[in-house]
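These are the residues of each chain, in order.
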Amino acid sequence: QVQLVESGGGLVQAGGSLKLSCTASGRISNINAMRWYRQAPRNQRELVAEITSAGRLNYADSVKGRFTISTDNDKNTAYLQMNSLKLEDTAVYYCNADIVLTTGPQTFRYWGQGTQVTVSS
């Protein structure tokens, strides 16, 4: 009923920048929140950034001041601008969204398939 598709991952040198995109499509009535998670090999998946429909922002301490989450509500798209990338930012980045379907009113949480970000020295 809903798909989240991420894009924008790739290989970048330390200190560089990347911008990830996540677009939701399907029977969407409202998106209450969108998030970016990441998972590095042998690590647990961790929350990187969150933005709610009310405009509240939340960032992991490790990315504060370097990453910025934003949304384009007309396009049902969330972005993650990543600057000053570090080796430890290497991970698969996943998009996550809390969505109310047109069949409403319950909210469901959906995940994207992930996009690889690799930071090299």
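Going by the structure above, here's the rest.
None of these values were measured; they are calculated from a predicted model.

Caption draft 1: Main features of the side chain of Asn96. Among the secondary structure elements, Asn96 is positioned in strand β9 (residues 91-101). Since its relative accessible area comes to 0%, Asn96 is described here as buried. A polar atom in the side chain of Asn96 sits 2.6 Å from the side chain of Arg35. Excluding residues that lie within four positions of it along the chain, Asn96 makes contacts with Leu4, Ala33, Met34, Arg35, Tyr37, Arg109, Tyr110 and Trp111.

Caption draft 2: Representation of the sheet that holds strand β7 (residues 67-72) within the structure. Pairing is antiparallel in the open sheet, where four strands are placed in the order β1-β3-β8-β7. Two strands bound the open sheet, and with one partner strand each, they are β1 (2-7) and β7. On average, adjacent strands in this sheet sit at an angle of 15° to one another, irrespective of strand direction. As defined by bridge partners, β7 adjoins strand β8 (residues 77-82) across six bridges and the pair is classed as antiparallel. The partner of Thr68 across the bridge, within β8, is Gln81.

The rules behind the values
- Residues numbered from 1 in each chain as written.
- Predicted model: local features only at pLDDT ≥ 70, side-chain atom pairs only at ≥ 80, totals over all residues.
- Heavy atoms only, no water.
- Helix = DSSP H or I, 4+ residues; strand = E, 2+ residues; numbered from the N terminus.
- Buried < 20%, exposed > 50% of the residue type's maximum accessible area, 1.4 Å probe, protein only.
- Polar contact = N/O pair within 3.5 Å; in protein donor to acceptor, adjacent residues only side chain to side chain.
- Contact = heavy atoms within 4.5 Å.
- Pairing = 2+ DSSP bridges.
- Axes fitted to C-alpha atoms, helices over the stretch in contact; angles between N-to-C directions.

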